[in-house]
Every structure is written in structure tokens, then in C-alpha cells.
Amino acid sequence: MNTKLTKSMDDITALCRRRGFIWQSSEIYGGVNGFWDYGPLGAALKKNLKDAWWTDTILCPPDGPDGKPLQMVPVDTTIIMNPKVWVASGHVGGFNDPMVDCRKTQARYRADHLKVYVPPVADKPLLVFVEGQEVGISKKLKKLGLAADQCAVRDFTELAPTDLARMIGPDADEPGSLTEPRQFNLMFTTHLGAVRDEESQAYLRPETAQGIFTQFWNVVDTSRVKTPFGIAQMGKSFRNEVTPRNFTFRSREFEQMEIEFFIPDPDVVGEEIAQTRRWYAWWRDHRYAWWRKVGLAGDNLILREHDRDELAHYAKDGAGTSDIEYRFPFTAPGFGELEGVAHRTNFDLRQHAQHCGRGDKMRYFDQEHNAHYFPHVIEPSAGADRGVLALLCEAYTPDADRPSGVYMKFSPRMAPIKAAILPLVAKDGMPEVAEKLYRDLRRRFAVQIDIKQNIGKRYARMDEAGTPYCFTIDGQTLSDQTVTVRDRDTLAQERIALDKVEAFLGEKIGG
Ligand code: GAP
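Note that the structure is a prediction, hence the values are computed from the model and not measured.

*Asks:* Explain the site of the ligand here, please?
*Replies:* Residues in close proximity to the ligand total 20 residues, the closest being Glu 207, Glu 241, Ser 251, Glu 258 and Glu 337. For the ligand, an oxygen atom lies 2.6 Å from a polar atom in the side chain of Glu 337. Between the ligand and the protein, one listed contact pairs a nitrogen atom with a side-chain N or O atom of Arg 386 at 3.4 Å. Across the complex, the protein chains shield 89% of the 550 Å² of accessible surface that the ligand would expose by itself. Of all elements in the fold, only strand 13 (253-263), strand 16 (336-345) and strand 19 (376-383) reach the threshold of two or more residues within the shell around the ligand. Its residues placed into classes, the shell around the ligand shows five nonpolar, five polar and ten charged.

Right, dumping it as C-alpha cells:
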């Protein structure tokens, strides 16, 4: 069975809600657009993903491409920072997505997400659509007497505003309802202290990266790191997204897992020593392999190198920029970004040095090469919430042959519950044996005991929670001290000795 075709976002969202992975924030009041809460299973899943990132990139990273142990240190910086940070970083004034409104339908689109079908004849309307959402477009074209292959596809931003009057919006039927692209600042503002004026205005950070850049000098002064080294941080970021959508994919409050990896400035020490390209390629490949390792091993995960004209202002002269992308049910057949890996040059450190007024005095001193410079940066920047969403979509596996009709195929490391302990019936001494096993196992593992309901229903619950193993205590357990182990994926059941269960789990799950 091709499970890819049978996954629907509605089904996945329903399971997330039903089983307590993800709920709308403040749901009892009707929710709030762009904000999401994690329930018990979702919070555990997200923690497992963040723990894996922390362990694999900070605590126990692999050797770098130079064969030496990678130097990585963490920081934990604040959400509200001195507002000058955001002027220096280019976010104040620059952190804008031009938006287009439809006066007819009130829909709002990001201008850079819009494409236009341009017919060969000049008097026909131009059909605008959202890239990646082309469903029903051929019908609309047909109504206008056009076929897709007769038309050229152009970027909306190339044609607006000159051709606006001829354009039919993605959700409209008549031409002329789209506005010119307009700028919106995505940073949330707040005020510090009692007085609400321009002086007291501050921002919620839109990325965790700037906390790393502004503390770069303190890290260098207080730890023994030397280029090449990395500073990592995970934490909340906030963006007042104009069109939050696709479940948690584009939220207004989300969590990032960011690394700024500092290497020598190739313009000062030479590329041969700086090795920007080598480090960039290493991080790109390493991060891609990591996402595969935590459970996105199928063909829904891709690595996409950017074209030069897509690059951010700080990355234009760099070794490269790439995205690690996942094919979500709502982007299919297209992909959505999980993580960006960018050579950010030394734009941010230079900006902060200049804006805080100390300029070149803040250059880093590289003893080994006897050189002063602002280090260049390779930045792997990942979204924890998008990662969780990808894990949920990947794990969702319809299976008509089991009572739940679906199971969640999480990797053992990501699974919120590692094993369930289920007495076959709630009598004849079985709950007592189950209780003892549960108490023994929970010292090491995230396990649950479930005594109520018939066994089929309890297996179904665990299938939907993505629990890799169920240990069942039955009549035979009482006579020969063995239990059955049910494997979530194969449904195979085998008997193992009660006193071997802990070792069995340790081997399968780790920990
Ligand atoms: N410091 C670089 C930076 O912030 P970004 O591409 O804007 O780069 C990095 O964000 C990652 O953060 C994205 O790949 C995505 O996983 C996550 N992210 C960004 N905006 C998001 C949003 N509105 N909702 C959920 N995740 C988001």
C-alpha cells in the first residue's frame, strides 16, 4: 500500500487532538490564531527531539571535517533584548514580508509566494495562484479558454503593480481585486516599564541567533573555545506572521534550535585555512543525516541547495545556503523548510561591533594564525515545532488491519512512551505482577501501565501513541514468569522472561 497517498492532514490533526499531541492554544475560548499547545504526548515528543539535538550537537558531537573533536558550547539568552540589537541585525525596518490583499475575499498572501499564468494574448486576464497550491487551477484556466502549457508562469512581484488590473486573485473570480504588495513588520512589540512610549518599546526576538551573536565576545572571553567552534541555543522565537497556517508549520510563537559555527575570515587568513566551503558542506550534510536519524529516513526528506538569487542579504557572498525540506501532506508534491543551513559571512558580528560603537576593536584575535578578524559563520537553524510536525506526519501510518486503523511509527528514541505494561485482565493476580514490572521499568524508561478496557482497545491506544512495545501479563505469566512482547510495527508477539524485560528494552530503546 502506498501510505503517502493515504495520509491526510485532517486525519493527522484529528489524531493529534484526540490523543493529546497538539491542541489549539486557549481552546476553551475559541483558540487564538497561530498559537498551539502540546499535550502530554506532544510535549514528550518535542522534548525527545530537542534532547536529541542537544545531545548530538552540543554534548556528544562527532568529529569535524578536520578530524578534530568539534568544539560546541551552549548559551541561553533572553527573549527581550536591547532594541538596538534589532536595528543592528537589520530586523527593524528590514524584517518585512511584502503582502498582497484581495479586496474581494479578504484573503492575504505573501507576494513572494504568488505566481501568475501569463497567456500568450494580451487582452486575456492573468491568473494568480499560490505556489504549491495549484489544485483546481486547470479548471479555472479552462474557464478562461486557456491551457496551462500555452501560458508562461511568472513571479507576481515581476508583474505587479503594472498588470494588477488584469489579475484574478487565487480565491477570486474577477480581475482587479488584488492590492499592491505592502510591507508588514513581523516583530511583536511590547513596552518595558510603566510608560508606553517610543523610548520604552522593545521586541520579542524573531530568532534566537542574535542572542548568540551579542554574547559571542563573552563566550570567547570565558571559555577556551577557539575558531573553529560553535555556539548553540534553543528557545522560543516570535513572529507576527500575517497568515499563520498549516497547523504548527507557520506559527506566531515557535521554538528554534540554532547553531552559529564560527570559522576564520577567509578574506584575512585565506580560504585554504578558513575552509568555509568545507565547513558549510559538512554542516549541511551532517544536519541532513541527523534528521534522517531521528526518524525522517524516507523519501519525504530532501536537501535543496539555493540558487544565488534566493540568498539572504548576509549570505550573498557566501559558500552557500541550503534548506532541509520535508514533504508535508499540505505541501505535497512540494516541500516545506525544516532547517536552513547558511554561510552568513561575518555580517552580524560586524554589525554589532559597529552599532555598539567599538568597531574593529571587537575583532577576534586568532593566536594560531596571528590575525585579527570577525569570524565567518555557518548557521544551521532548525525549527523544533516544524520538526515535531514532520515526525508526526512521517510516523502516521494508516493500517486497515488493526483496530485503530492507524499507528504512529516513531523511532524508539522519539517515541513519547517507550513501552506499555498491560495485564490481560484486571484480576487473578495479573495487575500486581504488572504493577511490579511497571515500577521496575519506570526507573529507567518512559513507560505506562494500562489496566482498564479490553486488550484490543489498549493496544489501539498504544498504536496511536506510537509506543514501540507492549508487554502483556497473562495467565501463563503467573505459572512460568514470562510475558508477551508485542512489536508495534510487525504486530509479532513473542514470549520473553519477566526478568529479561528491562534488558530487552534497554537493547531496543537505549538508555
Ligand atoms: N536565524 C536564522 C533564521 O531564523 P529562518 O529560516 O527564518 O532562519 C529558521 O528560521 C527555522 O525556524 C525555519 O527553518 C523553521 O523551521 C523555523 N521557523 C521559522 N519561522 C517559523 C514559523 N513562523 N513557525 C514555525 N517555525 C518557524
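Next comes the rest of the description.
*Asks:* I tried to follow the domain arrangement of the protein chain on my own but got confused; where do I start?
*Replies:* Reports of interface size often rely on the accessible area that becomes lost once the parts have come together. Examined at the domain level, the protein chain breaks down into domain 1 (39-81 + 208-394), domain 2 (96-184) and domain 3 (417-509). Once you take the C-alpha centre of each, domain 1 and domain 3 turn out to be 40 Å apart.

*Asks:* So what exactly am I meant to see when it comes to the state of the cysteines here?
*Replies:* Joining two cysteines, a disulfide is a covalent bond between their sulfur atoms. Enumeration over the complete set of coordinates arrives at zero disulfides. Counting only cysteine sulfurs, Cys 393 is the nearest neighbor of Cys 16, a cysteine outside any disulfide, at a range of 7.8 Å. The buried category is assigned to Cys 16, whose relative accessible area is 1%.

*Asks:* Whenever I open this one, the packing of aromatic side chains confuses me. Can you help?
*Replies:* Per the stated rule, a full pass over the model turns up 21 aromatic pairs. Between Trp 290 and Trp 291 the ring centres are 4.9 Å apart and the planes differ by 75 degrees, which places this aromatic pair in the edge-to-face class. Of the two residues examined, Trp 290 and Trp 291, each falls in the buried class. A cation over a ring is seen here: Arg 402 above Tyr 407, with NZ or CZ 3.7 Å from the ring centre. The ring of Tyr 459 has Arg 486 lying over it, and the distance from NZ or CZ to the ring centre is 4.3 Å.

Thresholds, definitions, all that
- As a convention, each chain's residues are numbered from 1 in the sequence order in which they are written.
- For this predicted model, a pLDDT threshold of at least 70 governs which residues receive local features, and a threshold of 80 or more governs which side-chain atom pairs are given and counted, while totals over whole chains, interfaces and linings are taken from all residues.
- Side-chain measures here rest on the full set of heavy atoms in the structure, leaving out hydrogens and waters.
- Summary of the distance rule: residues count as near a molecule or strand when at least one heavy atom falls within 4 Å of that molecule or strand.
- N or O atoms within 3.5 Å of each other form a polar contact, as long as, within protein, one can give a hydrogen and the other can take it, and as long as residues adjacent in sequence are counted only when both atoms are side-chain atoms.
- Per-residue and other accessible areas follow the Shrake-Rupley method at a 1.4 Å probe size, with only the shown protein chains counted as cover for residues.
- Helix and strand labels come from DSSP, where a helix needs a run of H or I of at least four residues and a strand needs a run of E of at least two; each type is numbered from the N terminus.
- Under this grouping Gly is polar, as are all residues other than the nonpolar Ala, Val, Leu, Ile, Met, Phe, Trp, Tyr, Cys and Pro and the charged Asp, Glu, Lys and Arg.
- Note that the domain bounds were set by an automatic or database domain assignment.
- Any pair of cysteine sulfurs within 2.5 Å is marked as a disulfide.
- Burial classification: accessible surface area is computed with a 1.4 Å probe over protein chains only, and a residue below 20% of its type maximum counts as buried, one above 50% as exposed, and the rest as partly exposed.
- Aromatic rings from Phe, Tyr and Trp, taking only the six-membered ring of Trp, are treated as a pair when their centres fall within 6.5 Å; an angle between ring planes under 30 degrees marks them as stacked, one over 60 as edge-to-face, and anything in between as tilted.
- Two conditions define a charge located above a ring, namely a distance within 6 Å from the ring centre to NZ of Lys or CZ of Arg, and an angle within 35 degrees of the ring normal.

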